[in-house]
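Examining the three-dimensional arrangement
Each chain is listed here by its residues.
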Amino acid sequence: MARILTGIQATGTPHLGNILGALVPGLNLAADEHNEAFFFIANLHSLTALNDPDIVRHNTYSVAAAWLAFGLDTKKNTFYRQSDVPEVCELMWYLNCFTPFPMLANAHSFKDKSETAASVNAGLFTYPVLMAGDILLYDADQVPVGKDQRQHLEMTRDIAGSFNHQYGDVLVVPEGSYDERVMIVPGTDGRKMSKSYHNYINIFLEEKALKKQVMSIVTDSLPLEAPKDPDTCNVFALYKLLGSTDQVADMRAKYVAGGFGYGHAKTALLEILIETYAEQRAAYNSWMNDLGALDAELAIGAEKARLVGAETLGRVRGALGLD
Ligand code: ADP
Ligand code: TRP
């Protein structure tokens, strides 16, 4: 039995990149009868970037609703808010003491964020240690995440390795799992799709708003009749992730032949987005209209998670001589 674990920050409604890069691969692993999964909403991590309580609360529900809309089985798996298990903060402190300062200072994500963030807080700096706490508290074996999180995962492995080197096999050293096909989903401007770049596609939007996002995808300005290169086009890059083999081959042929404009390609992408996610869109809206039901699911998950967390923390405290 392998234990799968992943988290999504409460920084906004999960977009197509989060869904294809983390949520769906995680759910696929969880569906395997040999696995059990821990999925959580990283609302503590989101405080490194957000300070409006209404927004933090809303985003937390939105991430939870997205997970449930994609069919997360909360009976088989453990589904919780990160902040409902405060044990993770205690573990983080212990792990801080095993984390070399230069490792954090050299993290890509810290360097990127500290260049653009309005204020660089210590939470942004120690972000990977809290993430290590999230993973190590639950003895996770496999962590499905997008490729951008690979370095954070390696840090978790290093921190756990140093701890175990000192105290014996106390922590489970996890493996990262990266969906090779999806890797990095491009956003509407061709950069990595990200909430922070405002270049995302929110599949839960109603048609008119979704259309606006799809129509904003950046393309070159070749005229309708010109043959086009599908492999450098942002619209095709997204279509490729959703269409069947035949649909993608058909679209590729149209690009190469010419007489097919980017407007046509965008309409085809919009249609496939609406169709592919119709069920999830309805389910998401229904959860968002019943926050009491979401709270109830999360409360059950928190209780299950705390039991496991307390056990690990007991082992760690004993190893450290804090018992
Ligand atoms: P964002 O960049 O939008 O703030 P998060 O950092 O909250 O996204 O990421 C949540 C999960 O989704 C992570 O596992 C991350 O690797 C994955 N992810 C985020 N953006 C993408 C993307 N464009 N392509 C693939 N996976 C992504
Ligand atoms: N840092 C991850 C992200 O931005 C979110 C996250 C927090 C996470 N804790 C985690 C992912 C633990 C996997 C495991 O995407």
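Residues numbered from 1 in each chain as written. Chains lettered and ligands numbered in written order. Predicted model: local features only at pLDDT ≥ 70, side-chain atom pairs only at ≥ 80, totals over all residues. Heavy atoms only, no water.

1. Comments concerning the overall build of the protein
Assigned secondary structure in the protein consists of 14 helices and five strands. Relative to the compact-globule value of 20 Å for 323 residues, the protein shows a C-alpha radius of gyration of 21 Å, a close match. Principal-axis analysis of the C-alpha atoms gives the protein an extent of 75 × 45 × 40 Å. Taking all contacts inside the protein whose residues are at least 6 apart in sequence as the whole, residues at least 24 apart take part in 77%. Carbon and sulfur atoms provide 53% of the accessible area of the protein, an area that totals close to 14,900 Å². Between the centroid of the 27 positive side chains of the protein and the centroid of its 39 negative side chains there is a distance of 5 Å. (Helix = DSSP H or I, 4+ residues; strand = E, 2+ residues; numbered from the N terminus. Rg over C-alpha atoms; globule rule 2.2 N^0.38 Å. Contact = heavy atoms within 4.5 Å. Areas by Shrake-Rupley, 256 points an atom, 1.4 Å probe, with all protein chains shown as cover. Lys, Arg positive; Asp, Glu negative; His and termini not counted. Charge placed at Lys NZ, Arg CZ, Asp CG, Glu CD.)

2. Digging into the site of ligand 1
Around ligand 1 sit 17 residues in total, of which His 15, Gly 146, Asp 148, Val 185 and Lys 195 are the nearest. One nitrogen or oxygen atom from the side chain of His 15 is found 2.7 Å from an oxygen atom belonging to ligand 1. Contact distances for ligand 1 include 2.9 Å between a nitrogen atom and a backbone N or O atom of Met 193. In terms of residues, the shell around ligand 1 owes the most to one element, helix H1 (residues 16-31), which gives four residues. When its residues are assigned to classes, the shell around ligand 1 shows six nonpolar, eight polar and three charged. (Near = heavy atom within 4 Å. Polar contact = N/O pair within 3.5 Å; in protein donor to acceptor, adjacent residues only side chain to side chain. Nonpolar A, V, L, I, M, F, W, Y, C, P; charged D, E, K, R; others polar.)

3. Some thoughts on the packing of helix H4 (residues 87-96) against helix H7 (residues 122-136)
Where H4 contacts H7, the two axes come as close as 8 Å, and the packing angle between them is 120°. With respect to H7, the axis of H4 lies oblique. Crossing handedness for the pair H4 and H7: right-handed. Listed contacts from H7 to Val 88, Leu 91, Met 92, Leu 95 and Asn 96 of H4 are Thr 126, Val 129, Leu 130, Ala 132, Gly 133, Asp 134 and Leu 136. Residues that form the contact of H4 with H7 fall into these classes: eight nonpolar, three polar and one charged. (Axes fitted to C-alpha atoms, helices over the stretch in contact; angles between N-to-C directions. Parallel < 35°, antiparallel > 145°, perpendicular 65-115°, else oblique. Left-handed = near helix turned anticlockwise from the far one by under 90°.)

4. Some words on the domain arrangement of the protein
Each assigned domain of the protein is listed here: domain 1 (2-185 + 291-320) and domain 2 (207-276). With both chains or domains summed, domain 1 and domain 2 bury close to 390 Å², and 78% of this area falls on carbon and sulfur atoms. Counting across the domain 1 and domain 2 interface gives zero salt bridges. The interface formed by domain 1 and domain 2 includes zero residue pairs in polar contact (both at pLDDT 80 or more). (Domains from an automatic or database assignment. Buried area = accessible area lost by both parts, 1.4 Å probe. Salt bridge = Lys/Arg side-chain N within 4 Å of Asp/Glu carboxyl O.)

5. Section: the site of ligand 2
Looking at ligand 2, there are 14 residues lining it, with Gln 9, Tyr 127, Met 131, Asp 134 and Gln 149 nearest. Gln 9 is positioned such that a nitrogen or oxygen atom in its side chain is 3.3 Å from an oxygen atom of ligand 2. The contact in question runs from a nitrogen atom of ligand 2 to an N or O atom on the side chain of Asp 134, over 2.7 Å. Its free accessible area being 360 Å², ligand 2 has 90% of it covered by the protein chains. Along the lines of polarity and charge, the residues of the shell around ligand 2 split into eight nonpolar, five polar and one charged.

6. What to know about the pattern of salt bridges
Applying the stated criterion to the full structure yields 14 salt bridges. Its salt-bridge partner being Asp 231, residue Arg 252 comes within 2.9 Å of it at the nearest N-O pair. Here Arg 252 is found in helix H11 (residues 245-257), whereas its partner Asp 231 is found in the loop between helix H9 (207-215) and helix H10 (234-242), with 21 residues between them in sequence. Arg 252 gets classed as partly exposed once you look at its relative accessible area, which sits at 33%. Among the residues examined, Asp 231 registers a relative accessible area of 52% and is labelled exposed. Among the ionic contacts, a cluster of salt bridges with common partners joins Arg 81, Asp 84 and Asp 295. (Buried < 20%, exposed > 50% of the residue type's maximum accessible area, 1.4 Å probe, protein only.)

7. Section: helix H3 (residues 53-69)
Its 17 residues give H3 an end-to-end C-alpha distance of 24 Å, which sits within 8% of 24 Å, the value for a rise of 1.5 Å per residue. Counting buried residues along H3, twelve of its 17 residues qualify, which places the element largely inside the surrounding structure. Among all positions of H3, only Val 56, Asn 59, Thr 60, Tyr 61, Ser 62, Val 63, Ala 64, Ala 65, Ala 66, Trp 67, Leu 68 and Ala 69 are buried. Near the N-terminus of H3, the side chain that reaches the backbone nitrogen of Asp 54, with its oxygen 2.8 Å away, is that of Asp 52. The first or second residue beyond H3 is Gly 71, which carries a positive phi of 95°. (Expected span 1.5 Å × (residues − 1).)

8. What about the environment of Asn 35?
Note that Asn 35 resides in strand E2 (residues 35-42). Contacts of Asn 35, omitting those with residues within four sequence positions, involve Met 1, Ala 2, Ile 4, Leu 29, Ala 30 and Lys 76.

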